Amino acid sequence: MPRPLIGITTYVEESTRYGVWDVATSLVPSGYHELVQAAGGAAVLLPPDEPGSAAEVLSRLDGLVVAGGPDVDPVRYGAERHPRTGAPATQRDEWELSLIEAALAAGMPLLGICRGMQALNVALGGTLIQHIDGHAVAPGVMSWHPVRPVAGTRYAELVPEEADVPTYHHQAVDRLGRGLVASAHAVDGTVEAIELPGPGHWVLGVQWHPERDKDTRVMAALVEAAAMAPAVRV
């Protein structure tokens, strides 16, 4: 059997230096594809594209990972911009929200990581807290803290114990989107995982960065769901 094909969103950096070059580059940290591969999947990187092509792109895939990155524009959830909120990433918001909506419509297994979890919440009509303290200790430095699973959720089935996770974020889920439930919390009460409960779909978001950890349980569950889900074709 071929490995399930898992798409991972990427983003454009306008100035990226390598060798003798300084050019715009579509990229994502290698930990993402390495985690997909370690969990038994084949990874495909998805550069930004026209939002209207999201369903067509997903038709070639078995599962979707929406990667971490900058803040979702608060205009997407009807809020005024907080002074600590980052500059808009308009192209990325449009593309990733379109991918999430297309994946949900197709019943495709989906994992949102950090920003990806927040984008999932926004795509389903939820809102975000635009700044919290204590979950990013210093610029460019990953910190660790425990998260506690919520009994009876998909996440708790995968990781039943309290677990230390690598984290780097200053925003968090506020009002949950349609149908979503919280499936893990930090000690301070911050929502650390969300999911759509019930059979018929596999949709999970985690606020931390599993691609910076050795624990493959969450990604392995996505890959397994992608292997079992019928491929969607246009």
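Look up: the structure comes first, before these words.
Quick summary incoming for the structure in this document. Because the structure is a prediction, the values reported are computed rather than measured. (Residues numbered from 1 in each chain as written. Predicted model: local features only at pLDDT ≥ 70, side-chain atom pairs only at ≥ 80, totals over all residues. Heavy atoms only, no water.)

Let us look at the overall build of the chain. Helix and strand counts for the chain come out as six helices and 13 strands. Relative to its full complement of 234 residues, the chain shows a buried share of 51%. Counting only carbon and sulfur atoms, one obtains 55% of the accessible surface of the chain, whose full area is about 10800 Å². Within the chain, one finds 16 positive and 28 negative side-chain charges whose respective centroids are separated by 2 Å. (Helix = DSSP H or I, 4+ residues; strand = E, 2+ residues; numbered from the N terminus. Buried < 20%, exposed > 50% of the residue type's maximum accessible area, 1.4 Å probe, protein only. Areas by Shrake-Rupley, 256 points an atom, 1.4 Å probe, with all protein chains shown as cover. Lys, Arg positive; Asp, Glu negative; His and termini not counted. Charge placed at Lys NZ, Arg CZ, Asp CG, Glu CD.)

What follows covers helix α3 (residues 90-106). Taking 1.5 Å per residue, 17 residues should reach 24 Å; α3 reaches 24 Å between its end C-alpha atoms and fits that length. Every buried residue of α3 is listed here: Arg92, Asp93, Trp95, Glu96, Leu97, Ser98, Leu99, Ile100, Ala102 and Ala103. Directly beyond the C-terminal end of α3, a positive phi value near 70 degrees is found at Gly107. (Expected span 1.5 Å × (residues − 1).)

Now for the pattern of salt bridges. Applying the stated rule across the entire model yields 10 salt bridges. Arg92 is paired through a salt bridge with Glu96; the nearest N and O atoms lie 2.8 Å apart. You can see Arg92 and its partner Glu96 sitting in helix α3, four residues apart, about one turn around the helix. One salt bridge connects Glu161 with Arg217, and the closest N-O pair in it is separated by 2.8 Å. Linking Glu161 in the loop between α5 (154-158) and β9 (163-167) with Arg217 in helix α6 (residues 217-228), this pair joins segments that are 56 residues apart in sequence. Residue class for Glu161 comes out partly exposed when judged on its relative accessible area of 34%. For Arg217, a relative accessible area of 31% gives the class partly exposed. (Salt bridge = Lys/Arg side-chain N within 4 Å of Asp/Glu carboxyl O.)

Next up on the list: a nonpolar patch on the surface. There is a patch of nonpolar side chains on the surface, built from Tyr18, Val20, Trp21 and Val23 and spanning about 450 Å² of accessible area. Along the chain, Val20 falls in the loop between β2 (11-18) and β3 (21-27). Here Val20 falls in the exposed class, since its relative accessible area comes to 74%. (Patch = residues over 30% accessible without salt bridge, like charges linked within 9 Å, V, L, I, M, F, W, Y side chains within 5 Å.)

We now examine unusual backbone geometry. Phi at Cys114 takes a positive value of approximately 55 degrees, unusual for a residue other than glycine. Within the element layout of this structure, Cys114 appears in the loop between β6 (110-113) and α4 (115-123). The buried category is assigned to Cys114, whose relative accessible area is 5%.

This next bit is on α4. Burial within α4 is extensive, with nine of its nine residues counted as buried. The first or second residue beyond α4 is Gly125, which carries a positive phi of 90 degrees.

Under the defined criterion, the tally for this structure stands at one aromatic pair. On the basis of an interplanar angle of 65 degrees and a centroid distance of 5.5 Å, the ring pair of Tyr155 and Trp208 is categorised as edge-to-face. Here Tyr155, found in helix α5, pairs with Trp208, found in the loop between β13 (203-206) and α6; they are 53 residues apart in sequence, far enough to count as distant. What makes Tyr155 buried here is its relative accessible area of 2%. We classify Trp208 as buried; its relative accessible area is 5%. (Phe/Tyr/Trp six-rings, centres within 6.5 Å; stacked < 30°, edge-to-face > 60°.)

Okay, the packing of α3 against α4 next. Two numbers describe how α3 lies on α4: the axes approach to 10 Å, and their chain directions differ by 70 degrees. Comparing the axis directions of α3 and α4 gives the class roughly perpendicular. Note on packing geometry: the crossing formed by α3 with α4 is right-handed. Contacts between α3 and α4 involve Arg92, Asp93, Glu96, Leu97, Ile100 and Leu104 from the former and Arg115, Gly116, Ala119, Leu120 and Ala123 from the latter. Its residues assigned to classes, the contact of α3 with α4 shows six nonpolar, one polar and four charged. (Axes fitted to C-alpha atoms, helices over the stretch in contact; angles between N-to-C directions. Parallel < 35°, antiparallel > 145°, perpendicular 65-115°, else oblique. Left-handed = near helix turned anticlockwise from the far one by under 90°. Contact = heavy atoms within 4.5 Å. Nonpolar A, V, L, I, M, F, W, Y, C, P; charged D, E, K, R; others polar.)

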